[in-house]
Amino acid sequence: ASRSSAVSDESSQRLGLFDAFGVELEYMIVAKESLDVQPVCDRLIEAECGAIQSDVERGEISWSNELVLHVVELKTTGPSPSLQGLSSKFHSEVRQINRRLGDMGCRLMPSAMHPWMDPFREMRLWPHDYSVVYETFNRIFDCRGHGWANLQSVHLNLPFANDAEFARLHAAIRLILPILPALTASSPVMDGRVTGLMDNRLEVYRTNSRKIPSVAGQVIPEQAFSEAEYQARILKPLYAEIAPHDPAGVLRNEWLNARGAIARFSRNAIEIRVMDVQECPLADVSICAAVVAVLRDLVAERWSPLAAQQALDVAPLA
């Protein structure tokens, strides 16, 4: 449910495969001493820029709100030509946010889930601009669960110039999605206990919209390798299923799609969403670089031809 635009300006329409990158990191805001969640993202943004708003642009990195008040997102302001050096820029913003939060007795906490948060008691929706979208999500899905209120992730956005590039990129991304949670799992504790799963975030993420199953599907996207095919196989069925619950069409947008990778044709990019956030930006950006390296070789058909990549069904990947 993000309007974030890590690869979003008009230039993205001209960007080809691996010409640029968009990275988004989500962090919890917690009390400095107790580490309990603190719903103060609006106060953080107001302290930085003098007004409560959805986005704060600070050069190459921006801050933005998310669904809930105890989360802040850091993202590349526009397409970044390289991942090199991004981690230090993110780290600088983490330090600035912690300075602002320190005045409130708060700080950022890394990792993908707060280990003892009670989302049914502590969830607070963002109440300011864009709130109609969040309120609609809450009305339909009840966002008090962990799958909405407690799942901090990394999003990697990769551009494509046309249908042919989309076909190659989407095929490659589908293949690596099952591997990425194993590489990035950082959420072994939920509700104050070790559950036996290393990635509780993905477990709650894949079931948070079960009221309308086509929202997340099986997390692995269906075999769709053109914009028309994607619209027909994924987006149109999704819009049709949610329509009775959302007659005003508030959620009729491609960001409603909650699969593990979503096509953003409005900005010609695919957004990978299955990675837990790590303990510091250097770890996150390093993982993104590893993902890009593997995708480059898959797209180049180093290990398998495109037809073989596209032939894999959802079920075995899921």
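Up top is the structure these notes are about.
Residues numbered from 1 in each chain as written. Predicted model: local features only at pLDDT ≥ 70, side-chain atom pairs only at ≥ 80, totals over all residues. Heavy atoms only, no water.

1. Focus on the overall build of the protein
Turning to step 1, where the next piece is worked out: Within the protein one finds 12 helices and 10 strands.
Turning to step 2, where the next piece is worked out: Over its C-alpha atoms the protein spans a radius of gyration of 19 Å, differing by no more than 12% from the 20 Å that the globule rule assigns to 318 residues.
Turning to step 3, where the next piece is worked out: Dimensions of the protein along its principal axes, counting C-alpha atoms only, are 55 × 45 × 40 Å.
Turning to step 4, where the next piece is worked out: Taking as baseline every contact in the protein between residues at least 6 positions apart, the subset at least 24 positions apart corresponds to 75%.
Turning to step 5, where the next piece is worked out: With 31 positive and 40 negative side-chain charges, the protein shows a separation of 2 Å between the mean positions of the two kinds. (Helix = DSSP H or I, 4+ residues; strand = E, 2+ residues; numbered from the N terminus. Rg over C-alpha atoms; globule rule 2.2 N^0.38 Å. Contact = heavy atoms within 4.5 Å. Lys, Arg positive; Asp, Glu negative; His and termini not counted. Charge placed at Lys NZ, Arg CZ, Asp CG, Glu CD.)

2. A look at the pattern of salt bridges
Think of it this way: side chains of opposite charge can pair up when their charged atoms draw near.
Turning to step 1, where the next piece is worked out: Taken as a whole and judged by the stated rule, the model has 17 salt bridges.
Turning to step 2, where the next piece is worked out: Put simply, Asp 118 and Arg 121 hold a salt bridge, and the shortest N to O gap is 3.8 Å.
Turning to step 3, where the next piece is worked out: A relative accessible area of 30% places Asp 118 in the partly exposed class.
Turning to step 4, where the next piece is worked out: Take Arg 121: its relative accessible area is 56%, and that puts it in the exposed class.
Turning to step 5, where the next piece is worked out: A salt bridge links Arg 121 to Glu 122; the shortest N-O distance between them is 3.8 Å.
Turning to step 6, where the next piece is worked out: One salt-bridge network, in which partners are shared between bridges, spans Glu 254, Arg 264, Arg 267, Glu 271 and Arg 273. (Salt bridge = Lys/Arg side-chain N within 4 Å of Asp/Glu carboxyl O. Buried < 20%, exposed > 50% of the residue type's maximum accessible area, 1.4 Å probe, protein only.)

3. With respect to the pairing of strand E10 (residues 269–276)
Turning to step 1, where the next piece is worked out: Of all eight residues making up E10, eight are buried, and the element is well covered by its neighbours.
Turning to step 2, where the next piece is worked out: Alignment of strand E6 (residues 153–159) against E10, held across six bridges, turns out to be antiparallel. Within the sheet, the bridge partner assigned to Asn 157 lies in E10 and is Glu 271.
Turning to step 3, where the next piece is worked out: As paired strands, strand E9 (residues 261–264) and E10 are joined by four bridges and run antiparallel to one another. Pairing of Ala 263 across the sheet is with Ile 270, part of E10.
Turning to step 4, where the next piece is worked out: Between E9 and E10, which pair antiparallel in sequence order, lie four residues; one of them, Asn 268, sits at a positive phi of approximately 50 degrees. (Pairing = 2+ DSSP bridges.)

4. Here's the deal with the packing of helix H1 (residues 41–49) against helix H2 (residues 86–102)
Turning to step 1, where the next piece is worked out: Here H1 crosses H2 at 105 degrees, and the two axes come no closer than 10 Å. Of the possible angle classes, the one that applies to H1 and H2 is roughly perpendicular. When H1 is examined against H2, the residues Leu 44, Ala 47 and Glu 48 are found in contact with a partner set consisting of Gln 96, Ile 97, Arg 100 and Leu 101. (Axes fitted to C-alpha atoms, helices over the stretch in contact; angles between N-to-C directions. Parallel < 35°, antiparallel > 145°, perpendicular 65-115°, else oblique.)

5. Some details on the packing of aromatic side chains
Turning to step 1, where the next piece is worked out: All told, the structure shown has nine aromatic pairs when counted by the stated rule.
Turning to step 2, where the next piece is worked out: Taken together, a centroid distance of 5.4 Å and an interplanar angle of 75 degrees make the contact between Tyr 230 and Phe 265 edge-to-face. Of this pair, Tyr 230 sits in helix H9 (residues 227–242) while Phe 265 sits in the loop between E9 and E10, placing them 35 residues apart in sequence. Of the two residues examined, Tyr 230 and Phe 265, each falls in the buried class.
Turning to step 3, where the next piece is worked out: An aromatic cluster is built from Phe 137, Phe 141, Trp 148 and Trp 255, whose rings are joined through pairwise contacts.
Turning to step 4, where the next piece is worked out: For the cation-ring pair, Arg 201 lies above Tyr 205, with the distance from its terminal atom to the ring centre recorded as 5.8 Å. (Phe/Tyr/Trp six-rings, centres within 6.5 Å; stacked < 30°, edge-to-face > 60°. Lys NZ or Arg CZ within 6 Å of the ring centre and 35° of its normal.)

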